[in-house]
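# Structural overview for review
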2 protein chains.
Amino acid sequence: MEIKIMKNILDRNQNKAEEVRGLLKSKNVMMVNIISSPGAGKTTLLERTCEVLGSKFRIGVIEGDITTDRDARRLKKFNIPIVVINTEGGCHLDSHSISKVLDSFSLDDLDVLFVENVGNLICPSQFDLGETFKLAIISTAEGDDKPAKYPMLFREAKAVLLNKIDLLPYTNFNKLSFLKDLRNINGQVPVFEISCTSGEGLKAWFKWIEEQINAR
Amino acid sequence: MEIKIMKNILDRNQNKAEEVRGLLKSKNVMMVNIISSPGAGKTTLLERTCEVLGSKFRIGVIEGDITTDRDARRLKKFNIPIVVINTEGGCHLDSHSISKVLDSFSLDDLDVLFVENVGNLICPSQFDLGETFKLAIISTAEGDDKPAKYPMLFREAKAVLLNKIDLLPYTNFNKLSFLKDLRNINGQVPVFEISCTSGEGLKAWFKWIEEQINAR
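These numbers were taken from a predicted model, which means no experiment stands behind them.

### Considering unusual backbone geometry
Residue and element names in this part refer to chain A.
- Even without glycine at this site, asparagine 79 takes up a positive phi of about 50°.
- Considering the arrangement of structural elements, one finds asparagine 79 in the loop between α3 (70–75) and β3 (82–86).
- For lysine 164, which is not glycine, the phi torsion reads 60° and is therefore positive.
- The residue lysine 164 is located in the loop between β6 (159–163) and α7 (175–185) in this model.

Next up, the structure:
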């Protein structure tokens, strides 16, 4: 019975996701669904990205959090449209919650909408939000075994950001193992080694995301 | 409708959890439900703990993972009973899966059963497994805002391990903010600052967990 209920939930989510995708396409807005463990650096990536691309593109943000608006408050300084979705215990966003808040944005005035999903490597990858693509972030401090142990996200991501590369010397993270496991799951996915705090490697990320926005 | 279904699932889980708790109590086995984000150090904590307490107590382990037996393989060297539960996409263990695998253990020959839950700060804290208590692990690399943003686990935990304390100098983790937020949620919970790789602070953890086992 639970399997049938789960299938119904996913089917309803998928239908609404296609509706959201159609609407965003008609408005020429790219939506990026950013997924990672708690504390891998989603908000700091958005801070760096708004700093550099905020003058070139019209950016909007949806902040998914269980509770609090702490992440949103970190982005207020950029004067961009931000909407917070508090899931009140829910472990992922879904397409219905996204659909509801899209009314709060003036979509004609946006190029890209970043969705910071709830910090969770599992369920967010199972719920299509109507995004243009998913972006995976993983921190070196989490260990090199994450693609093998949590394959769903890494299979679906259009790009993988290996963040906190500045911590690499202080961890036992094995980059070769990480890449080997990742390549087994998603052979061609681009990987960017970055540090959102030191700035290392971010230029390649900015170039790539800019290309994606321009090609939307 | 979804709320009613969720309530049914949680009710059924709670009933089975009480059954598990009763069984373990009758066998004088303490069960610890270890919960953290992916890569916070659950398995490494178990390695260090088995090294030091393996000669004093009869330890068993249940390894919860979405897929793979990688964590279990890291513990094989201790020659202790280990059972792997692969959730196949499920984001948490539940009491039914625990109940099923308890048959694989000789409970009369155990003092403590550590359950390494699926790496996830959210759902595992909502499903009682029949454990004696929950243990929260958080790594300094995840940031100091986690208790405020993911309060459920920190409210329920009997102890909090702040792991990767060796990485503290290389992060912007603010220990005062962390403790202030944590104290707002769970005023009296003991906090152990540890590094499972350098060994720093582990003595206090060993002493505490030994006291818990002896007092069971």
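### A closer look at the side chain of A:Ser97
- Among the structural elements, A:Ser97 can be located in helix α4 (residues 95–102).
- There is a polar contact of 2.8 Å between the side chain of A:Ser97 and the backbone oxygen of A:Asp94.

### A short note on the sheet that holds β3(A)
Residues and elements named next belong to chain A.
- Spatial ordering of the open sheet is given by β3-β2-β4-β1-β5-β6-β7, a layout of seven strands whose pairing is parallel. Of all the strands in the sheet, the pair left with one neighbour each is β3 and β7 (191–193). Shown here is a sheet whose adjacent strand axes are inclined to one another by a mean of 20°, direction ignored.
- Of the strand pairs in this sheet, strand β1 (residues 30–35) and strand β5 (residues 133–139) are connected by four bridges, and their pairing is parallel. Residue pairing across strands places valine 32 opposite phenylalanine 133, the latter belonging to β5.
- Against the sheet, helix α2 (residues 42–53) contacts β1, β2 (59–65), β4 (112–116), β5 and β6, and its axis sits at roughly 170° relative to β2.

### Examining α4(A)
Residues and elements named next belong to chain A.
- Burial within α4 is extensive, with six of its eight residues counted as buried.
- Turning to α4, its buried residues are Ser95, Ser97, Ile98, Ser99, Val101 and Leu102.
- At the N-terminal boundary of α4, the capping side chain belongs to aspartate 94, with an oxygen 3.2 Å from the backbone nitrogen of histidine 96.

### Some thoughts on the pattern of salt bridges
All names here are of chain B.
- For the structure on display, the rule yields 40 salt bridges over all chains.
- With a shortest N-O distance of 3.1 Å, glutamate 210 and lysine 56 are connected by a salt bridge. With glutamate 210 in helix α8 (residues 202–214) and lysine 56 in the loop between α2 (42–53) and β2 (59–65), this residue pair connects regions lying 154 residues apart in the sequence.

### Points about the packing of aromatic side chains
Residues and elements named next belong to chain A.
- For the structure on display, the rule yields nine aromatic pairs over all chains.
- Each ring, one from phenylalanine 133 and one from tryptophan 208, has its centre 5.6 Å from the other, and the planes form 75°; the classification is edge-to-face. With phenylalanine 133 in strand β5 and tryptophan 208 in helix α8 (residues 202–214), this pair connects stretches of sequence that are 75 residues apart.
- For phenylalanine 133, a relative accessible area of 5% translates into the label buried.

Conventions used here
- Residues numbered from 1 in each chain as written.
- Chains lettered and ligands numbered in written order.
- Predicted model: local features only at pLDDT ≥ 70, side-chain atom pairs only at ≥ 80, totals over all residues.
- Heavy atoms only, no water.
- Helix = DSSP H or I, 4+ residues; strand = E, 2+ residues; numbered from the N terminus.
- Polar contact = N/O pair within 3.5 Å; in protein donor to acceptor, adjacent residues only side chain to side chain.
- Pairing = 2+ DSSP bridges.
- Axes fitted to C-alpha atoms, helices over the stretch in contact; angles between N-to-C directions.
- Contact = heavy atoms within 4.5 Å.
- Buried < 20%, exposed > 50% of the residue type's maximum accessible area, 1.4 Å probe, protein only.
- Salt bridge = Lys/Arg side-chain N within 4 Å of Asp/Glu carboxyl O.
- Phe/Tyr/Trp six-rings, centres within 6.5 Å; stacked < 30°, edge-to-face > 60°.

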